[in-house]
Amino acid sequence: MIRRMEEILQSSRQDPFADILIPGLIKFFGNIAHLRPKLMIVQHPNFMDCLFSMAESSDLTQRAIAFETIGWIGVSLEGKVTLADLGNKMSNCIEKLEDLIRDAPTEIRIRGMNAFSSLIKLDKENQSNEFLSITECWYKRALGNRGSPMQLLVGIVKLPFADMRLAMYGLLNNIAKQGWGRREILRFPGFP
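Now for a look at the structure at hand. On a predicted model such as this, the values are computed, not experimentally measured, just so you know.

**Quick look at the overall build of the chain**
Looking only at helices and strands, one finds 13 helices and zero strands in the chain. Traced from its N-terminal end to its C-terminal end, the chain shows the element sequence α-α-α-α-α-α-α-α-α-α-α-α-α. Against the 2.2 N^0.38 benchmark of 16 Å for 192 residues, the chain shows a C-alpha radius of gyration of 17 Å, consistent with a compact globule. Viewed in the frame of its principal axes, the chain has a C-alpha envelope of about 55 × 35 × 25 Å. Residues counted as buried form 46% of the 192 residues belonging to the chain. Taking all contacts inside the chain whose residues are at least 6 apart in sequence as the whole, residues at least 24 apart take part in 65%. Here the chain displays about 9,600 Å² of accessible surface, and carbon together with sulfur accounts for 53% of that area. The centroid of the 24 positive side-chain charges in the chain is displaced by 6 Å from the centroid of its 21 negative side-chain charges.

Below, the structure is given as C-alpha cells:
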C-alpha cells in the first residue's frame, strides 16, 4: 500500500491537481515517518525528495507544510538522528526556515516557529553531546543566515501580536532547556 502511495506521490508532480494532492500525501508519509523515521527515509527516498522540494517552493503554504512535517519527524530522538544523517540535504533545507519565520505572513510564521520548536525540542534526560550538537547546528543553520539568531527571536518577542509571541516563547523555552541555548540567551544584551 505504501509503495502504491509513493508511486502516486511521484506521479503527482506532473498532475494538474498537484497543489491539492501533494500536501495530503506528504502529511500521510510524515505521520508514518514520525513513528518509523529511519525506515521511511531509507526505504522511500521519493518522499524525502518531494518533502525537500516543497521546503524550497515559492508557495508559502507548501513550505509551511513541509517544515511542519520535518518538525513532526524530528520531534523524536530517532527522527533527529535520521534527519541529521541526511547531511547537507537537511542542512540546506533547514536554512530556508529563516525566510519563513522572518518574512512570511503571520499564520505561516507561527507554523514555522512551531515546527522549528518541535525540531529542536530536547528533554533533559536525552541531552547527550550528540543530540545537543544536532540541535545547536540546526539552530545556527536555520536562524543565523542574516545576522544574530537571538536578534531575530527577540525582535519577534517584542511584536504586539500575542499569537506570534506565544509561538516564539515556546521556541525560546525549548532553546533555554539546553546548555548552548542558555549561553545564547545570556550573551544577548538586555534580553535576560
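**Points about the packing of helix H12 (residues 162-176) against helix H13 (residues 179-187)**
Put simply, H12 and H13 touch, their axes get as near as 6 Å, and they point 115° apart. Within the contact between the two elements, H12 uses Leu-172, Ile-175 and Ala-176 and H13 uses Trp-180, Gly-181, Arg-182 and Ile-185. Class assignment for the residues of the contact of H12 with H13 results in five nonpolar, one polar and one charged.

**Observations concerning helix H6 (residues 77-84)**
Buried residues of H6: Gly-79, Lys-80, Thr-82 and Leu-83, and no others. Where the residues of H6 are buried, they touch helix H3 (37-43), helix H4 (45-55), helix H5 (60-73), helix H7 (88-94), helix H9 (106-120) and helix H10 (129-143). Where H6 starts, the residue carrying a side-chain oxygen 3.0 Å from the main-chain nitrogen of Gly-79 turns out to be Ser-76.

**Comments concerning the packing of helix H2 (residues 18-35) against H4**
Their axes nearest at 11 Å, the elements H2 and H4 cross at an angle of 120°. By the angle between their axes, H2 is oblique relative to H4. Where H2 crosses over H4, the two elements pack in a sense that is left-handed. In this structure, H2 uses Ile-22, Ile-26, Phe-29, Gly-30 and Ala-33 to contact H4, whose residues at the interface are Phe-47, Cys-50, Leu-51 and Met-54. Taken together, the residues that form the contact of H2 with H4 break down as eight nonpolar, one polar and no charged.

**A look at the packing of aromatic side chains**
Inspection of every chain in the model, using the stated rule, returns three aromatic pairs. Three or more aromatic residues joined by ring pairs make a cluster, and in this case those are Phe-28, Phe-29 and Phe-47.

**Description of the environment of Asp-59**
When you line up the elements, Asp-59 lands in the loop between H4 and H5. On the basis of relative accessible area, Asp-59 is assigned to the partly exposed category, the value being 33%.

**Focus: the pattern of salt bridges**
Overall, the coordinates contain eight salt bridges when judged by the stated rule. Here Arg-141 and Glu-95 are joined by a salt bridge, their closest N and O atoms 2.6 Å apart. A residue pair is termed long-range when its members are at least 10 positions apart, and Arg-141 in helix H10 and Glu-95 in the loop between H7 and helix H8 (97-103) qualify at 46 residues. Arg-141 sits in the partly exposed class, given a relative accessible area of 26%.

**Brief notes about helix H11 (residues 149-157)**
Most of H11 is tucked away, with seven of its nine residues classed as buried. Burial in H11 covers these residues: Pro-149, Met-150, Leu-152, Leu-153, Val-154, Ile-156 and Val-157. As for H11, its buried residues are in contact with H8, H9, H10, H12 and H13. At the N-terminal end of H11, a side-chain oxygen is found 3.4 Å from the backbone nitrogen of Met-150, two or three residues along, and the residue is Ser-148.

**Re the nonpolar core**
In this structure, Ile-26, Phe-47, Ile-70, Leu-83, Phe-116 and Leu-153 are the most contacted members of the largest nonpolar core, which totals 61 residues. Beyond its immediate sequence surroundings of up to four residues, Phe-116 is in contact with Ile-94, Leu-97, Ile-101, Trp-138, Tyr-139, Ala-142, Leu-143 and Leu-171.

**Remarks on the state of the cysteines**
Within this structure, the stated rule accounts for zero disulfides. Distance from the sulfur of Cys-50, which forms no disulfide, to the nearest cysteine sulfur (Cys-93) is 12 Å. Take Cys-50: its relative accessible area is 2%, and that puts it in the buried class. For Cys-93, a relative accessible area of 1% puts it in the buried group.

Conventions we followed
- Residues numbered from 1 in each chain as written.
- Predicted model: local features only at pLDDT ≥ 70, side-chain atom pairs only at ≥ 80, totals over all residues.
- Heavy atoms only, no water.
- Helix = DSSP H or I, 4+ residues; strand = E, 2+ residues; numbered from the N terminus.
- Rg over C-alpha atoms; globule rule 2.2 N^0.38 Å.
- Buried < 20%, exposed > 50% of the residue type's maximum accessible area, 1.4 Å probe, protein only.
- Contact = heavy atoms within 4.5 Å.
- Areas by Shrake-Rupley, 256 points an atom, 1.4 Å probe, with all protein chains shown as cover.
- Lys, Arg positive; Asp, Glu negative; His and termini not counted.
- Charge placed at Lys NZ, Arg CZ, Asp CG, Glu CD.
- Axes fitted to C-alpha atoms, helices over the stretch in contact; angles between N-to-C directions.
- Nonpolar A, V, L, I, M, F, W, Y, C, P; charged D, E, K, R; others polar.
- Polar contact = N/O pair within 3.5 Å; in protein donor to acceptor, adjacent residues only side chain to side chain.
- Parallel < 35°, antiparallel > 145°, perpendicular 65-115°, else oblique.
- Left-handed = near helix turned anticlockwise from the far one by under 90°.
- Phe/Tyr/Trp six-rings, centres within 6.5 Å; stacked < 30°, edge-to-face > 60°.
- Salt bridge = Lys/Arg side-chain N within 4 Å of Asp/Glu carboxyl O.
- Core = buried A, V, L, I, M, F, W, Y, C linked by side-chain atoms within 4.5 Å.
- Disulfide = S-S within 2.5 Å.

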